[in-house]
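What follows is the residue order along each chain.
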Amino acid sequence: MQTGTALPRSLTDARHQAQSCTRCPLYKHATQTVFGEGASHAPIMMVGEQPGDREDIEGHPFVGPAGKLLDRALEEAGIDRRLVYVTNVVKHFKWEPRGKRRIHKKPNAAEIGACRPWLDTEVALVKPRLIICLGATAAQALLGRQFRVTAHRGEFVPSPLAPFVLATVHPSSILRAPDEEARHREMKQFTNDLRTAARALSSK
Ligand code: SF4
């Protein structure tokens, strides 16, 4: 979607238009646009940073290791995965080479800003009741650059985007935990944040 153009009529239209997006340079070195996926009126939207290596190849969000961990946490939190629309603030994989591997590189403010109309389109069309920001990039893009996930994870933040908005860590940070004990602790905290979010949704 180019700035100033009408809102696509459906997610299918938006997804189709995003396939040929060149609003920032990230499309040049990625395999394809990875648009959000889920039910068209899912009550919950989860927003991560950007697709990873696996997502870039397969063309679907949250299908790599972090996505698998997210699925497990949702199950533990009692959230039906079919109620969740998953997406990212940036739709192309940003990476740098390290040997034969492609290593994730954080998108910059210009790339996040260029991609923002796609996320706004998704929010406008899906109209989720609850948005969960996964990690600092998503949280700061949606809640302001001063927002600190470490200080305010699991807390509801007033936002025009949805009746309930909350931030927690990105599941990939749990995968990077230094040992099994830390991973277990992080997973428990992450699942608790998801439970908090789900409770608010079911109480109203
Ligand atoms: S990252 Fe977003 S803004 Fe940049 S080219 Fe891809 S879809 Fe377009």
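Keep in mind it's a predicted model, so treat the numbers as computed, not measured.

Now for the overall build of the protein chain. Secondary structure assignment for the protein chain yields eight helices and six strands. Along the protein chain, helices (α) and strands (β) appear in the sequence α-β-α-α-β-β-β-α-β-α-α-β-α-α when read from the amino end. Its C-alpha atoms give the protein chain a radius of gyration of 16 Å, near enough to 17 Å, the size a compact globule of 204 residues would have. A sequence separation of at least 24 residues applies to 73% of the contacts in the protein chain between residues at least 6 apart. Summed over all atoms, the accessible surface of the protein chain reaches about 10400 Å², with 54% contributed by carbon and sulfur. Taking the average location of the 30 positive side-chain charges in the protein chain and that of its 21 negative ones, the two points are 4 Å from each other.

Below, the discussion takes up the site of the ligand. Every residue near the ligand is listed here: Cys21, Arg23, Cys24, Tyr27, Val90, Lys91, His92, Ala114, Cys115 and Trp118. Among the residues making up the shell around the ligand, the classes are represented as seven nonpolar, one polar and two charged.

With that out of the way, let us pick up the nonpolar core. Of all hydrophobic cores here, the largest spans 58 residues; its most connected members are Met46, Ile132, Phe190 and Leu194. Considering each element in turn, this core owes the most residues, eight residues, to helix H4 (residues 109-126). Sequence-distant contacts of Phe190, that is, excluding residues within four places in its chain, are made with Leu69, Leu70, Ala73, Leu134, Arg153, Thr168, Val169, Pro171 and Ile174.

What follows is about the pairing of strand S5 (residues 130-134). Summarising burial for S5: five of the five residues are buried, a large majority. Side chains Leu130, Ile132 and Leu134 of S5 all project onto a buried face; the interleaved residues Ile131 and Cys133 project onto the opposite face, where all are buried too. Direction of pairing for strand S1 (residues 44-48) relative to S5: parallel, over a ladder of four bridges. Along S5, the bridge assignment pairs Met45 with Ile131. Bridge analysis of S5 against strand S6 (residues 164-168) gives five bridges, and the strand direction is parallel. Looking at the pairing, Ile132 lines up with Leu166 of S6.

Further remarks concern the pattern of salt bridges. This model, assessed by the stated rule, comprises 14 salt bridges. For Arg102, the salt bridge goes to Asp53, with nearest N and O atoms at 2.8 Å. Of this pair, Arg102 sits in strand S4 (residues 101-104) while Asp53 sits in helix H2 (residues 53-58), and the two are 49 residues apart along the sequence. For the salt bridge of Arg72 with Glu76, the shortest nitrogen-to-oxygen distance reads 3.8 Å. Here the residue Arg72 and the residue Glu76 both occupy positions in helix H3 (residues 65-77), the gap between them amounting to four residues, near one helical turn.

Moving on: the packing of aromatic side chains. Here the structure, examined in full by the defined rule, presents two aromatic pairs. Where Phe35 meets Trp118, the ring centres are 6.1 Å apart and the plane angle is 85 degrees; that geometry is what we call edge-to-face. In this pair, Phe35 sits in the loop between helix H1 (11-18) and S1 while Trp118 sits in helix H4, placing the two residues 83 residues apart along the sequence. A relative accessible area of 2% means that Phe35 is categorised as buried. Assessed through its relative accessible area of 2%, Trp118 is described here as buried. Ring geometry for Phe156 against Phe164: centres 5.7 Å apart, planes inclined by 65 degrees, an arrangement best described as edge-to-face. For Phe164, a relative accessible area of 14% gives the class buried. Of note, Lys91 hangs over the ring of Phe35, and the distance from its end group to the ring centre comes to 5.6 Å. It is Arg102 that lies over the ring of Trp95; its NZ or CZ is 5.3 Å from the centre.

About the thresholds
Residues numbered from 1 in each chain as written. Predicted model: local features only at pLDDT ≥ 70, side-chain atom pairs only at ≥ 80, totals over all residues. Heavy atoms only, no water. Helix = DSSP H or I, 4+ residues; strand = E, 2+ residues; numbered from the N terminus. Rg over C-alpha atoms; globule rule 2.2 N^0.38 Å. Contact = heavy atoms within 4.5 Å. Areas by Shrake-Rupley, 256 points an atom, 1.4 Å probe, with all protein chains shown as cover. Lys, Arg positive; Asp, Glu negative; His and termini not counted. Charge placed at Lys NZ, Arg CZ, Asp CG, Glu CD. Near = heavy atom within 4 Å. Nonpolar A, V, L, I, M, F, W, Y, C, P; charged D, E, K, R; others polar. Core = buried A, V, L, I, M, F, W, Y, C linked by side-chain atoms within 4.5 Å. Buried < 20%, exposed > 50% of the residue type's maximum accessible area, 1.4 Å probe, protein only. Pairing = 2+ DSSP bridges. Salt bridge = Lys/Arg side-chain N within 4 Å of Asp/Glu carboxyl O. Phe/Tyr/Trp six-rings, centres within 6.5 Å; stacked < 30°, edge-to-face > 60°. Lys NZ or Arg CZ within 6 Å of the ring centre and 35° of its normal.

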